[in-house]
Amino acid sequence: MLDKELRSMIGDVKDGRMDRRGFIQRLAAVGLTAPLANQILALGGVAMAEGASTYKPTKRGGGGALKLLWWQGPTLLNPHFATGTKDQDGARLFYEPLACWDPDGNMKLVLAAEIPSIQNGGLAADGKSVTWKLKPGVKWHDGTPFTADDVVFNWEYAKDPATSALTIATLRDITVEKVDDLTVRVLFNKPTPFWADAFVGAPNTIIPKHLFKDYMGSKSREAPTNLSPVGTGPYKFVEFKPGDLVRGVINPDYHMANRPYFDSIEMKGGGDAVSAARAVIQTGEYDFGWNIQVEDDVLLRLEKGGKGKTVYAVGGDTEFIALNFTDPNTEVDGERSSMKTKHPLFSDPAVRKALSLLIDRESVKKAIYGRAGRTTANFLNGPEKFVSKNTTWEFSIEKASKILDDAGWKPGADGIREKDGKKLKLLYQTAINGPRQKTQAIVKQACQKAGIDVELKSVVASVFFSSDVGNPDTYSKFYADMEMFQIPLSQPDPSQHMRRYLSNLVATKENKWQGTNFPRWVNKEYDATILAADGEMDPVKRAAFYIKANDLMYQDIVFIPVQHRLKVEAAANNLRPVVSGWANETDNLFDWYREE
Amino acid sequence: MSQYVLRRLLIAIPSLLGISLVLFVVLALAPGDPFSELATNPNVPPEVALALRAKFGLDDPIYLRYLHWLNAMLHGDWGFSFVSRMNVDTLILQRLPTTLYVIGSAQILALLIAIPVGVYAATKPYSLFDQVANTLAFVGFSLPTFFTGILFILIFSVTLDWLPFVYTTDIKGTGIHWLAETIRQAIMPVAVLGLFQAASMTRFVRSAMLDVIRLDYVTTARAKGIGQRRVIIKHVMRNAMIPVVTLIALQIPAVFGGAIVTEQIFRIPGIGSLLISSILSNDTPVVMAVTFVFACLVVLFNLIADVLYGWLDPRISLR
């Protein structure tokens, strides 16, 4: 039904009977808005609009120095080696992708001349290739022209396992070919509805062929330009000290008109989030502070009469509690949480249901995340188009108790419920991080009132998230009943995010716990839905599949979403930063300026 | 004498080997790996992280990894950082000047306070000056640097807005202006560290002086009619300083090792902050290099202290 309506609307836009804005508003009305609404139009035959710019300055330079404070400074500047966002952020100052994402999830052109669409021949109707036209006249900082050869080179460089590039994941399954000097074609081996992954966004910036071609494969570490980037970006490299400082000056030949605004840029690393907030908001020593994960109370206090303020960006990051579907306490063939077991308590849906009623999301928001959080019933919280409207959440100790009573879990002498000799005792683990420990405490308290005994465990983040096979405390081994963390959604598309929970990707001893399905949840219908979505070129049907996938998780209570988290940054009062929840903080740096 | 030094140096070899072995094993047993940040990135499949682990040799048995490291170290190859893929020696040399400047200044400040105050307090024990100095010293070394550091920031940066609290190695301007800024931004960290050191050193100087001041030869010197000033400076201090010199010699490795807490608070890009960030990200080659160099310096300065001792006090003979 929706499908048909949409199709006729797309027709209206094509024939000029309806304008773009009207179309997007209509979509909003049916709950399908924002970031990928534009991709719907692109695939429906109407070209995707470029994100609007809020940039005001009318001349290049003259803005003085821009001082950025990253409390974890970049440790390397080759985007292909970036282990975390901090490294991508640093490399992005100098290197550029073909396109990036603006705050609304719209595509913004950087090195590409136009957004590929079916009309302009950029998108293949079967979804198996995308052709990018490159901006003519772009030069690397050393004067060499930027061409299609550079783009192809990046693919060859990263897909060689000997290079040890982390971008191999994005680039190994595609083929990149040069059409002419200013055109490249990316070929996929299967229909790919989300075609804007390779060469798009800060993680996928392009390095120059002429400076890296002698350092492919095992020699990759020896390239002198690993530490002194020569890019195409708005700033030219000056100095780099790993973990401490990155410095650049204005690129007078930058390819975007009137940009950049600042004459020089400095990214200082080190310290902690609270003092970074202080240096930006309270004393004004710095213009912008990255990832200010600080309690809202503290931020509100700093903002009173301060020189800066906090800035929020909505993305799709969800802090969740995952429930273990296998038994973490029984060892089978030398493996705990083995697929051969069933969780003794959670195999009763009533227990999972009761637990989901015991997470007081509103209190967590009020007491911990404040302006940086939103309550949600969904696991998938963005882009808007993929967010299910079929779900609700509630906090009620009475209802939870009633569900447990009805299911036969009766309080024992010690107040803890039990049934058939099994006590409702749960181990709840997470990474060490202030807000997480406070959330644990809130959950524990509510559970206690409902007769569930919760034992809390916190693991150092570098252990919890490590791939160390020998360590029992990693999130993927999941030797606990429930665990809490978040997996960031790093692009405005849920495909990689949702694929993690396919039944065949369960983390087991056999695959060295590298399987991504750590709750060890198996659901045939979910598998079918995700596989269908993966090959579905119709954007509306595809969105419907992901909404269904989210709802299946909701029905089975695989995850209990705790909070939809927003990005929090600190900025000087007169700075106009452009920060997107779908991209790295420095991805839209070319549009930043200062209000005089 | 030279024979003694040679023998000590030879003894140092097995002890350094032992130290390196212990360090290596402890680091290898520590949980976690440098790629933990990749785990939650859905764009990076786990097998990529696993392949990197294998490539960096993290999956080899410990003894093999140790032998590799030792062999490379003997050839002057310190290895490369897993996190920044940069040579470890470059990384350390880049940060050494800042640490030497800040921690060195703090040590000098500590000496400049501790020696005069300690000496003066010892000449007039239990006087008002002595009482006040003692109390302050007690307060000084009871307050940890993370507390005084934040206190200083609140007073001098936030409230008074006199001093910057983010240390930057990139100061604009040249000549006098540059010098002034370099000094200005170092005031707080140097004061925090220097006062902490000064507090304990003052008490040490004072008690060393008191030990000597009661000796018979001092009374003799006074009986001969030599002025108080000369007695204290020429006769008492010279002998009382012998243990103090040893103490200072043993403090010097710390100047190279940096100060983890203070460097973190003021964002000083020194060895201490390098060490702590490397430990947190399980960057074994860097942690290994920093701690091992530190161990070498401790062994070396122990030897220097012993030699100095013999030179200052001829009654001690080194064989």
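Here goes a summary of the coordinates provided. The structure displayed is predicted, hence computed values, not measured ones. (Residues numbered from 1 in each chain as written. Chains lettered and ligands numbered in written order. Predicted model: local features only at pLDDT ≥ 70, side-chain atom pairs only at ≥ 80, totals over all residues.)

1. Observations concerning the overall build of chain B
Right, on to step 1. Scanning chain B from terminus to terminus reveals 12 helices and 0 strands.
Right, on to step 2. For chain B, the N- to C-terminal ordering of α and β elements is α-α-α-α-α-α-α-α-α-α-α-α.
Right, on to step 3. With the principal axes as the frame, chain B shows a C-alpha extent of 85 × 60 × 40 Å.
Right, on to step 4. By residue count, 34% of the 319 residues in chain B fall in the buried class.
Right, on to step 5. Taking the intrachain contacts of chain B between residues at least 6 apart in sequence as the baseline, contacts between residues at least 24 apart amount to 71%. (Helix = DSSP H or I, 4+ residues; strand = E, 2+ residues; numbered from the N terminus. Buried ≥ 20, exposed ≤ 12 C-beta atoms within 10 Å, placed from the backbone. Contact = placed C-beta atoms within 7 Å.)

2. So, the interface of chain A and chain B
Right, on to step 1. Between chain A and chain B, the contact holds 50 residues from the first and 48 residues from the second.
Right, on to step 2. Listed by contribution, the elements that provide at least two residues to the side of chain A that touches chain B are helix H6 (168-171), strand S7 (235-241), strand S8 (245-250), strand S9 (264-269), helix H8 (273-282), helix H14 (461-464) and helix H15 (495-499) of chain A.
Right, on to step 3. Classifying every residue of the side of chain A that touches chain B by side-chain character gives 18 nonpolar, 20 polar and 12 charged. (Nonpolar A, V, L, I, M, F, W, Y, C, P; charged D, E, K, R; others polar.)

3. Quick word on the sheet that holds strand S4 (residues 129-133) of chain A
All names here are of chain A.
Right, on to step 1. The 3 strands are arranged S4-S6-S5 in an open sheet whose pairing can be described as antiparallel. The outermost strands of the open sheet, each flanked by one partner alone, are S4 and strand S5 (174-180). Neighbouring strand axes in the sheet, compared pairwise and without regard to direction, differ in orientation by 20° on average.
Right, on to step 2. Against the sheet, helix H5 (residues 148-159) contacts S5 and strand S6 (183-188), and its axis sits at roughly 165° relative to S5. (Pairing = 2+ DSSP bridges. Axes fitted to C-alpha atoms, helices over the stretch in contact; angles between N-to-C directions.)

4. A word on the environment of Asp-211 of chain B
Residue and element names in this part refer to chain B.
Right, on to step 1. Within the secondary structure, Asp-211 is located in helix H7 (residues 175-213).
Right, on to step 2. On the neighbour-count criterion, Asp-211 (14 C-beta atoms within 10 Å) is partly exposed.
Right, on to step 3. A sequence separation of 25 residues divides Asp-211 from Val-236, and the C-alpha atoms of the two residues are 9.4 Å apart.

5. Points about helix H2 (residues 46-55) of chain B
Right, on to step 1. Inspection of H2 of chain B places Pro-46, Val-48, Ala-49, Leu-50 and Leu-52 of chain B among the buried residues, and these make up the whole buried set.
Right, on to step 2. Looking at the packing, one finds that the buried side of H2 of chain B touches H6 of chain A.
Right, on to step 3. Phi for Gly-57 of chain B, located one or two positions after H2 of chain B, is positive at around 75°.

6. Side note on unusual backbone geometry
Right, on to step 1. Across the junction of Arg-259 of chain A and Pro-260 of chain A, the peptide omega takes the value -5°, indicating a cis bond.
Right, on to step 2. As for its position among the elements, Pro-260 of chain A is in the loop between S8 and S9.
Right, on to step 3. The linkage connecting Gly-382 of chain A with the following residue, Pro-383 of chain A, adopts the cis geometry, with an omega of -5°.
Right, on to step 4. Its location among the elements puts Pro-383 of chain A in the loop between strand S12 (373-374) and helix H12 (397-406).
Right, on to step 5. Phi at Phe-199 of chain A takes a positive value of approximately 65°, unusual for a residue other than glycine.
Right, on to step 6. Relative to the helices and strands, Phe-199 of chain A is located in the loop between S6 and helix H7 (209-212).
Right, on to step 7. On the neighbour-count criterion, Phe-199 of chain A (27 C-beta atoms within 10 Å) is buried.
Right, on to step 8. Residue Asp-161 of chain B is not a glycine yet carries a positive backbone phi of 60°.
Right, on to step 9. With respect to the element layout, Asp-161 of chain B can be found in the loop between helix H6 (145-159) and H7.

7. Some words on the pairing of S7 of chain A
All names here are of chain A.
Right, on to step 1. Most of S7 sits inside the fold, with 5 of its 7 residues counted as buried.
Right, on to step 2. Across 6 bridges, S7 lies against S8 in antiparallel orientation. Residue pairing across strands places Phe-237 opposite Gly-248, the latter belonging to S8.
Right, on to step 3. Turn length for the S7-S8 hairpin, with the two strands adjacent in sequence and antiparallel, is 3 residues, and the turn residue Gly-243 shows positive phi of about 75°.

8. A word on the packing of helix H16 (residues 524-535) of chain A against helix H17 (residues 539-556) of chain A
Between two packed helices, what matters for the description is the angle formed by their axes and the separation of those axes.
All names here are of chain A.
Right, on to step 1. Relative to each other, H16 and H17 sit at 160°, their axes nearing to 9 Å. Judged by the angle between their axes, H16 and H17 are roughly antiparallel. Crossing of H16 against H17: the hand is left-handed. Residues Glu-525, Tyr-526, Thr-529, Ile-530, Ala-532 and Ala-533 of H16 pack against Arg-542, Phe-545, Tyr-546, Lys-548, Ala-549 and Leu-552 of H17.
Right, on to step 2. Residue composition of the contact of H16 with H17, by class: 8 nonpolar, 1 polar and 3 charged. (Parallel < 35°, antiparallel > 145°, perpendicular 65-115°, else oblique. Left-handed = near helix turned anticlockwise from the far one by under 90°.)

9. With respect to the environment of Pro-242 of chain A
Right, on to step 1. Mapped onto the elements, Pro-242 of chain A comes out in the loop between S7 and S8.
Right, on to step 2. Spatially, the C-alpha atoms of Pro-242 of chain A and Leu-227 of chain A are 8.8 Å apart, while their sequence positions differ by 15 residues.
Right, on to step 3. Not counting residues up to four positions away in its chain, the partners in contact with Pro-242 of chain A are Thr-75 and Leu-76 of chain A together with Ser-84, Met-86 and Leu-91 of chain B.

10. Thoughts on the pairing of S5 of chain A
Residue and element names in this part refer to chain A.
Right, on to step 1. Pairing of S5 with S6 involves 6 bridges; the strand directions are antiparallel. By the bridge assignment, Asp-180 is partnered in S6 with Thr-183.
Right, on to step 2. Linking two consecutive strands that pair antiparallel, namely S5 and S6, is a turn of 2 residues.

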